[in-house]
Amino acid sequence: MGDNFSRVSVSKQIKTILLASLSAIVVLHLFSSLPGLYRTVKILQNARRVAFLNDVSDALFTAVGNYGFERGRVNVVLNDSGPVAKMEKNRHFIIERRKEGDNALSQAFEKLSSATLPGLSEKILQVKQSRKKIDELRQKTANDLVLNKNEREKGLAKVWFSAMTNYIESIEALLVTISIDISNSDGMISRYFSLKHETLALRNTAGPEMSILSATILSGEPIEKGLQKKIEHLHVITNQHFHAISFLCRGLSSPVIPEALKKLKQLYSSGYLPYRNEIFPLAQTGGPYPYSQEEFLDHGVKTLNEIAVFMDVIVSETKTYASMKLNQCWRQILFHCFGSTGSLLALILVMFYVNAKVILPIGRLTSSLRKLAKKELDVEIPLLNQKNEIGEMARSLAIFRQTSIQLDRDNRLLQVAEAKIRMSEEKLKRILNSIPDMIIECDADLNVLWANKAALEMNPEAIGQVCYAAFPGNDRICDGCYCKKALETGKIETGVMYQPASKISGESYWENIGIPLKNSSDKVLTVLEMSRNVTERIQAEAEKERLIVELQNALKEIKTLSGLLPICSHCKKIRDDQGYWNSIESYIHEHSDAEFSHGICQECAKKYYPDMDLYGNE
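Scope of this entry: the structure provided in the associated data block. (Residues numbered from 1 in each chain as written. Predicted model: local features only at pLDDT ≥ 70, side-chain atom pairs only at ≥ 80, totals over all residues. Heavy atoms only, no water.)

1. Comments concerning the sheet that holds strand β3 (residues 493-499)
Threshold: At least two DSSP bridges between two strands are required for those strands to pair. Helix and strand definitions here come from DSSP, where helices need a minimum of 4 consecutive H or I residues and strands a minimum of 2 consecutive E residues; each element is numbered from the N-terminal end. In this analysis an axis means a line fitted to C-alpha atoms, helices contributing only their contacting stretch, and an angle means the value between N-to-C directions, from 0 to 180 degrees. Any two residues whose heavy atoms approach within 4.5 Å are treated as being in contact.
As summarised here, the arrangement of the five strands in space is β2-β1-β5-β4-β3, forming an open sheet in which the pairing is antiparallel. Two strands in the sheet have a free side with no partner beyond their single neighbour: β2 (448-451) and β3. Averaged over all adjacent pairs, the angle separating strand axes in this sheet is 25°, with direction ignored. Across three bridges, the pairing between strand β1 (residues 438-442) and β2 is antiparallel. Within the sheet, the bridge partner assigned to E441 lies in β2 and is W450. Sitting on the sheet, helix α12 (residues 482-489) is in contact with β3, β4 (508-518) and β5 (524-533), with an inclination near 150° to β3.

2. Considerations on a nonpolar patch on the surface
Cut-off, in case you're wondering: To count toward a patch, a residue needs a relative accessible area over 30% and no salt bridge; like charges are then connected within 9 Å, while nonpolar side chains (Val, Leu, Ile, Met, Phe, Trp, Tyr) are connected within 5 Å. Method for areas: the Shrake-Rupley scheme with a 1.4 Å probe, in which residue coverage is limited to the protein chains shown. We define a salt bridge as a contact between a side-chain nitrogen of Lys or Arg and a carboxyl oxygen of Asp or Glu at a distance within 4 Å. A 1.4 Å probe rolled over the protein chains alone gives each residue an accessible area, and that area as a share of the maximum for its type sets the label: buried under 20%, exposed over 50%, partly exposed in between.
Side chains of I600, Y608, Y609, M612 and Y615 sit close together on the surface and give an oily, nonpolar patch of about 520 Å² of accessible area. Note that Y615 resides in the segment after α15 (602-608). Under the relative-accessibility criterion, Y615 is labelled partly exposed at 41%.

3. A few points about the environment of L449
Tracing the chain through its elements places L449 in strand β2. As a C-alpha pair, L449 and G464 span 15 residues in sequence and 6.3 Å in three-dimensional space.

4. A short note on the pattern of salt bridges
The full count for this structure, using the stated rule, is 15 salt bridges. Two residues, R97 and E100, come together in a salt bridge whose shortest N-O distance is 3.0 Å. In this pair, R97 and E100 are both assigned in helix α2 (residues 88-112), three residues apart and thus about one turn of the helix distant. Judged by relative accessible area, R97 falls into the buried class, the value being 16%. Put simply, E70, R98, D102, R131, D135 and R138 are held in one network by salt bridges that share partners.

5. Quick notes on the packing of α2 against helix α3 (residues 120-144)
As a reminder of what qualifies: Working rule for angles: under 35 degrees goes down as roughly parallel, over 145 as roughly antiparallel, 65 to 115 as roughly perpendicular, anything else as oblique. For any helix crossing, the convention is left-handed if the near helix is rotated counterclockwise from the far helix by under a right angle, and right-handed if that rotation is clockwise. Three classes are used, and their members are as follows: Ala, Val, Leu, Ile, Met, Phe, Trp, Tyr, Cys and Pro are nonpolar, Asp, Glu, Lys and Arg are charged, and the others, Gly among them, are polar.
For the pair α2 and α3, the least separation of the axes is 13 Å and the interaxial angle reads 160°. By the angle between their axes, α2 is roughly antiparallel relative to α3. Handedness of the α2/α3 crossing: left-handed. Side by side, α2 and α3 meet where R98, D102, L105, F109 and L112 of the first sit next to L120, I124, V127, K128, R131, R138 and T141 of the second. Here the residues of the contact of α2 with α3 sort into six nonpolar, one polar and five charged.

6. A short note on the packing of aromatic side chains
For the record, the criterion: Ring geometry is summarised as follows: Phe, Tyr and Trp rings, the Trp one being its six-membered ring, pair when their centres sit within 6.5 Å, and such pairs are stacked at plane angles under 30 degrees, edge-to-face over 60 and tilted between the two. Each ring is checked for a lysine NZ or an arginine CZ that lies within 6 Å of its centre and within 35 degrees of its normal; such an atom marks a charge sitting over the ring.
By the definition in use, this model includes five aromatic pairs. Between Y67 and Y167, the aromatic rings sit 5.2 Å apart at their centres with planes inclined by 40°, giving tilted as the arrangement. Placement of Y67 in helix α1 (residues 2-78) and of Y167 in helix α4 (residues 156-185) is noted, with a sequence separation of 100 residues between them. Under the relative-accessibility criterion, Y167 is labelled buried at 0%. Centre to centre, the rings of Y268 and Y272 are 5.7 Å apart; their planes meet at 40°, and the pair counts as tilted. Of this pair, Y268 and Y272 are both found in helix α7 (residues 256-283), four residues apart, which corresponds to roughly one turn of the helix. Put simply, the rings of F242, Y268, Y272 and F296 pair up and form one aromatic cluster. Cation over ring: R71 sits above F161, and NZ or CZ is 5.0 Å from the ring centre. Across from the ring centre of F109, 5.6 Å away, lies the NZ or CZ of K128, which sits over that ring.

7. Details of the environment of L397
Summarising the element assignment, L397 is placed in helix α9 (residues 389-434). When its relative accessible area of 9% is taken as the criterion, L397 is described as buried. Residues L397 and S368 lie 29 residues apart in sequence; the distance between their C-alpha atoms is 8.5 Å.

8. Some details on unusual backbone geometry
The backbone phi angle of L446 is positive, close to 65°, even though this residue is not glycine. Among the structural elements, L446 can be located in the loop between β1 and β2. At D522, a position not held by glycine, the phi torsion is positive, near 65°.

9. A look at the side chain of N66
Counted only if it meets this: In protein, a polar contact requires one atom able to donate a hydrogen and another able to accept it; more generally it is a pair of N or O atoms within 3.5 Å, and residues adjacent in sequence count only if both atoms are side-chain atoms.
Following the sequence through the fold, N66 ends up in helix α1. Residue N66 is classed as buried on the basis of its relative accessible area of 7%. In this structure the side chain of N66 is engaged in a polar contact, spanning 2.9 Å, whose partner is the side chain of R97. Not counting residues up to four positions away in its chain, the partners in contact with N66 are R97, E100 and G101.

10. Quick word on the pairing of β1
The element β1 is extensively covered by neighbouring structure, given that four of its five residues are classed as buried. Both β1 and β5 contribute to a ladder of five bridges, which runs antiparallel. Following the sheet pairing, C442 is matched in β5 by V527. If you look at the hairpin formed by β1 and β2, you'll find five residues sitting between the two strands, and L446 has a positive phi there, around 65°.

What follows is the structure in structure tokens.
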């Protein structure tokens, strides 16, 4: 009865767990869906923002493109020496480009009035400040455009070109600010933006080159050195822009932009470049030229118009891409909502199935596992005969039960073995600690792993330090370290090492033994160092050697006279070993290191020199 009650209790717990799990899963599913939905909405908002900024950038690009035409054509007209009547077409062209540029810039400013971007207000202010000077110059150039060249203000063309360039560059700086935000939001839009920027840069290098050459043809004078270098520089930069645009067009899914680029490059290389390459060398001498200024300028304008067409293609493709991204975001939101609902229903059905086929059987197996955890090794394992994963788990649990029984038996044997090992280790430690010599174990990097009592008395914090820092107190490895030799050779290395005075000990001598400790594969793992202080012995031996040397040196310096010396009783001469009689002075000098200094005693002085008072009156 108790067993049945236990099973009922377990069943209720499992059902409670199931309901709680189902509720938690539903809630978690809803919560997990919300971040995805939130991300999708954020992507949609980002796509809208990208589309908005792209429209603004298109307007700014349109403005810059038209201002570039205005800058170049005004510069050409101001430098033109032909009849004023022939300039009427150019003046209309200038007015049209100016009007389209101003309209595009106004549209961009109107849209940007509601935008918030870092540094946006400063860039807009710079554009408006540049605009004031441009309006003044437009009035001046408008007056000069209807005058003959000799009546126009000198230097106005250069002032106009410089101011208009600054104006265009301020708009391009505003474009860069917008492009940074676009680059952080969408990589493809950023790529299209780079294409627009490179195309504008191409227009800004190709246009001035054409204007300078056109003005040179009209002047009939040789081109200035500065302008010559500028044309060469602009031509190089133009080719670089073409290479950059070609690189950015690689791999685009739509062939429209690459085809437009192909057409532009073909027109530039065959419709303009041959004329430019023929005119430029002649401009250095002032002509004559095989083509008129109008004919050359016509080819250049066609190329610039084709650059504008290429820009329009990029703008159109960018708008198409931005619109496609918006549509994709809406589809993702709908798909996310329908997918979340469907997956939630499927999850509920799966949970009911899992309850019947998995959770309840697992509950029974869990009950058996808990008993095994409590060391109830005689527990009965259910569901052993099922032919599915639950049956595999039950059979695995049965194997676990048998393994637990064996482990329990082995554990008792292991405890006995560990007790014996601990006793052996303690005995070994007592032996090593009783040895007065210093004993340490070091790894391959000479870090101290273990030290006996004698070593720890020298440095209680030695373990964990490198041995040469822990004991000698050095900052580098000892010269002739026998531990290092033992690690390298794999053999026992012995010898005496001299240790100069350090912060830990004074000048000393140590007898060291380095013993490599190897594993079963004969690989050296650590090294055991045994050190004994032999300073007194070494010093005693050194003192002994010093005394011996001193005695030997003294014996070498001393020559003694020994034995019976035959001496004459009258003249006091001494007979040597060869039988010759020598004066006592010469004999002693020959057989010793003594030197003679002659003088006269008092008695002899009185006897032989009585008239001389050599020693005074005594």
